[in-house]
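What the coordinates show
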Amino acid sequence: MDTLTGFLILGALFGIFVAIQKLNSNVITQIDQNEKIIELLSELKEK
C-alpha cells in the first residue's frame, strides 16, 4: 500500500511538473509574438 501511494505521489508531481513546463513555453511564445508585433508596429510608424 505504501508503494502504491508513493507511485501516486510521484505521478502527481510529474504531472504538475509537465503542466508548469507547458505554461512556461506558452509564456515564452507569447513574449516572442509580442516582440514581433512591436517591431511591425514600429516599422509601420516609420513609413
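Before going into details, it helps to say that this report is about the structure given with it. For every chain, the first residue of the written sequence is number 1, and numbering continues from 1 along that sequence. Local features are withheld for residues below a pLDDT of 70 in this predicted model, meaning they are given only at 70 or higher, and side-chain atom pairs are given and counted only at 80 or more; totals for whole chains, interfaces and linings count all residues. Side-chain descriptors were evaluated using all non-hydrogen atoms of the structure, hydrogens and water having been removed beforehand.

**Digging into the overall build of the protein chain**
A run of DSSP states H or I qualifies as a helix once it reaches four residues; a run of E qualifies as a strand once it reaches two. Both are numbered from the N-terminal end. A count of helices and strands for the protein chain gives one helix and zero strands. Dimensions of the protein chain, computed from C-alpha atoms along their principal axes, come out at roughly 70 × 5 × 5 Å. The buried share among the 47 residues of the protein chain stands at 0%. Of the roughly 4600 Å² of accessible surface on the protein chain, a fraction of 69% belongs to carbon and sulfur atoms. His is not counted here, nor are the chain ends, while Lys and Arg score as positive and Asp and Glu score as negative. Where a charge lies is defined by one atom per residue type, namely NZ (Lys), CZ (Arg), CG (Asp) and CD (Glu). Of the charged side chains in the protein chain, 4 are positive and 6 negative; the average position of the first set lies 8 Å away from that of the second. Each residue is assigned to one of three classes by its accessible area relative to the maximum for its type, calculated with a 1.4 Å probe on protein chains only: buried under 20%, partly exposed between the two thresholds, exposed over 50%. Where accessible areas are quoted, they stem from the Shrake-Rupley method and a 1.4 Å probe; at the residue level, only the protein chains shown are allowed to cover.

**Remarks on a negative patch on the surface**
Only residues above 30% relative accessible area that lack a salt bridge enter a patch, with like-charged residues linked at up to 9 Å and the nonpolar side chains Val, Leu, Ile, Met, Phe, Trp and Tyr linked at up to 5 Å. One side-chain nitrogen of Lys or Arg within 4 Å of one carboxyl oxygen of Asp or Glu is enough to make a salt bridge. Among the surface-exposed residues, Asp-32, Glu-35, Glu-39, Glu-43 and Glu-46 lie close enough to one another that they form a single negatively charged patch. Assignment of secondary structure puts Glu-39 in helix 1 (residues 2–46).

**A short note on the environment of Lys-45**
Among the structural elements, Lys-45 can be located in helix 1. Take Lys-45: its relative accessible area is 75%, and that puts it in the exposed class. Along the sequence, Lys-45 and Asn-24 sit 21 residues apart, while their C-alpha atoms lie 32 Å from each other.

**So, a nonpolar patch on the surface**
Nonpolar side chains collect at one region of the surface, where Phe-7, Ile-9, Leu-10, Leu-13, Ile-16 and Ile-20 lie side by side and expose about 640 Å² of accessible area between them. Position of Ile-16 among the secondary structure elements: in helix 1.

**Notes on the environment of Gln-30**
If you trace the backbone, Gln-30 turns up in helix 1. Between the alpha carbons of Gln-30 and Ile-16 there is a distance of 21 Å; along the sequence they are 14 residues apart.

Just distances and angles here, no functional claims.
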